[in-house]
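Each chain is listed here by its residues.
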Amino acid sequence: MGKLDGKVAVVTGASRGIGRAIVVLLAKEGAQVAINYNNDIAGAQEVADEIAAFGGTAMLAQADVSDSDQARAMIKKVAETWGRLDVLVNNAGITRDKSMRKLTDDDWMTVLTTNLNSVYWCTSAAMPIMIEQKYGRVINLSSYVGQAGNFGQANYAASKGGIIAFTKTAAIELAKYNITVNALAPGFTLTDMLSKVAESVQDQIKSKIPMGRFGMPEEMAKAVLFLAADADYITGQQINVNGGVFM
Ligand SMILES: NC(=O)c1ccc[n+]([C@@H]2O[C@H](COP(=O)([O-])OP(=O)(O)OC[C@H]3O[C@@H](n4cnc5c(N)ncnc54)[C@H](OP(=O)(O)O)[C@@H]3O)[C@@H](O)[C@H]2O)c1
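Residues numbered from 1 in each chain as written. Predicted model: local features only at pLDDT ≥ 70, side-chain atom pairs only at ≥ 80, totals over all residues.

**Student:** Can you help me understand the overall build of the protein in this one?
**Tutor:** Along the protein, the regular secondary structure elements total 9 helices and 7 strands. For the protein, the C-alpha radius of gyration of 17 Å lies close to 18 Å, the compact-globule estimate for 247 residues. Counting every position in the protein, which comprises 247 residues, the buried fraction comes to 45%. Across the protein, every contact between residues at least 6 apart in sequence was considered, and the portion connecting residues at least 24 apart equals 73%. (Helix = DSSP H or I, 4+ residues; strand = E, 2+ residues; numbered from the N terminus. Rg over C-alpha atoms; globule rule 2.2 N^0.38 Å. Buried ≥ 20, exposed ≤ 12 C-beta atoms within 10 Å, placed from the backbone. Contact = placed C-beta atoms within 7 Å.)

Next comes the structure, spelled out in structure tokens:
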């Protein structure tokens, strides 16, 4: 018996990194999962193959979630295919790091649209389905940077702080329908996103983490599974999985 038998889950940005680890773990626990991706079809197919290999059920769900029409159509399609939608993990995210002196309006807009608007597009599309079911678990990937700020990440920090504020408001509005909305705030986690940071900077970052190492995608996935399967009376919260870098 899996913890999510009979449940349907969508994970945005699940072709690699944290999203991949999340979608695989949810599938291992019995959920039928939709693997959303934008460009990386090979990565997404690899994730689907991994899930099929242990007998899980997965579908690919291509959509640029920064586009409201695509995001909403993707959510609708998953719910129509499997007849319900129980767990939405808003994970897709990007960085375009520059100090504010160099940041362009396009850098600002692209990051805000991809990281924050997408959370609203997907959640508001899932909302009527979850209300009808009187059940839903929405988990939004924020970041410790949305709590603490970080040099060179004004756009990213604003998007991730916005996610925390959105999470609390959505939690208040949806609680009466048995829909919980929570945020996960990872610290620095070993994925492609982190590998874009220069190695010398990575060493500096590591020296500030009390646990002395970066997080692993699978460690983020375990916290998401907890919020999806075992956290019935938790809503509007941020779970920090960050090795102690922000307390
Ligand atoms: N890594 C960290 O240190 C860290 C720390 C705190 C929070 N986070 C957050 O955790 C989440 C996952 O990060 P990660 O490190 O796993 O990133 P990653 O390895 O760069 O993967 C990003 C994923 O998002 C997808 N994506 C990007 N833009 C998209 C769009 N417009 N529509 C649909 N999918 C899109 C990518 O798919 P395609 O390539 O197919 O487009 C990919 O699957 C992000 O929200 C990030 O901000 C990460």
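**Student:** I'm lost on the environment of Val 23 in this one. Help?
**Tutor:** For Val 23, the position within the fold is in helix α1 (residues 17-28). With residues up to four places along the chain from it excluded, the contact list for Val 23 reads Val 11, Ala 14, Val 33, Ile 35 and Val 47.

**Student:** I'm lost on the site of the ligand in this one. Help?
**Tutor:** Neighbouring the ligand are 30 residues, the closest being Gly 13, Gly 17, Asn 38, Gly 93 and Thr 191. Among the secondary structure elements, those contributing two or more residues to the shell around the ligand are α1, β2 (32-37) and α7 (192-195). Partitioning the shell around the ligand into residue classes produces 11 nonpolar, 15 polar and 4 charged. (Near = placed C-beta within 6 Å. Nonpolar A, V, L, I, M, F, W, Y, C, P; charged D, E, K, R; others polar.)

**Student:** Before we go on, may I ask you to explain the pairing of strand β4 (residues 87-90) in this structure?
**Tutor:** In summary, the side chains of a regular strand alternate between the two faces of the sheet. With burial as the criterion, each face of β4 is covered, one bearing Val 87 and Val 89 and the other bearing Leu 88 and Asn 90. Note: strand β1 (residues 8-11) against β4, 3 bridges, orientation parallel. Following the sheet pairing, Val 11 is matched in β4 by Val 89. Two elements, β4 and strand β5 (residues 136-141), share 4 bridges in a ladder whose sense is parallel. Each bridged residue has a counterpart across the sheet, and for Val 89 the counterpart in β5 is Ile 139. Between β4 and its parallel partner β5, the chain crosses via helix α4 (residues 105-133), and the hand of that crossover is right-handed. (Pairing = 2+ DSSP bridges. Right-handed = clockwise from strand over helix to strand, strands pointing away.)

**Student:** Before we go on, may I ask you to explain the nonpolar core in this structure?
**Tutor:** Note that soluble globular proteins tend to have their nonpolar side chains buried in a common cluster. Residues Ile 22, Leu 26, Val 33, Ile 35 and Val 224 are the most contacted members of the largest nonpolar core, which totals 69 residues. In terms of residues, this core owes the most to one element, α4, which gives 10 residues. When sequence neighbours within four positions are dropped, the list of residues in contact with Val 33 reads Ala 9, Val 11, Val 23, Leu 26, Ala 27, Ile 51 and Ala 58. (Core = buried A, V, L, I, M, F, W, Y, C linked by C-beta atoms within 7 Å.)

**Student:** So what exactly am I meant to see when it comes to the sheet that holds strand β7 (residues 238-241) here?
**Tutor:** The strands that make up a sheet are held in pairs by hydrogen bonds between backbone atoms, and each pair lies either parallel or antiparallel. Read across the sheet, 7 strands follow the order β3-β2-β1-β4-β5-β6-β7 without closing on themselves; strand pairing throughout is parallel. Looking at which strands have only one partner, the edges of the open sheet turn out to be β3 (57-62) and β7. Ignoring which end each strand starts from, the neighbouring axes of this sheet average 20° apart. Both β1 and β2 contribute to a ladder of 4 bridges, which runs parallel. When the bridges of β2 are listed, Val 8 appears paired with Gln 32. Where α1 meets the sheet, its contacts fall on β1, β2, β3, β4, β5 and β6 (179-186), and the angle it forms with β1 comes to roughly 170°. (Axes fitted to C-alpha atoms, helices over the stretch in contact; angles between N-to-C directions.)

**Student:** Please explain α1 as it appears in this structure.
**Tutor:** A rise of 1.5 Å per residue sets the reference length of α1, with its 12 residues, at 16 Å; its end C-alpha atoms lie 17 Å apart and thus fit the reference within 8%. Across the 12 residues that make up α1, a large majority, 11, are buried. Here α1 has its buried residues at Gly 17, Ile 18, Gly 19, Arg 20, Ala 21, Ile 22, Val 23, Val 24, Leu 25, Leu 26 and Ala 27. One or two residues past the end of α1 sits Gly 30, with phi positive at roughly 100°. (Expected span 1.5 Å × (residues − 1).)

**Student:** In this structure, what is going on with the environment of Pro 217? I would like to understand it.
**Tutor:** The topology assignment puts Pro 217 in helix α9 (residues 217-229). Since 19 C-beta atoms lie within 10 Å of it, Pro 217 is described here as partly exposed. Taking the C-alpha atoms as reference points, Pro 217 and Gly 55, separated by 162 residues in sequence, lie 22 Å from one another. Aside from chain neighbours lying at most four places away, what touches Pro 217 is Gly 17, Ile 18, Arg 20, Ala 21, Thr 189 and Thr 191.

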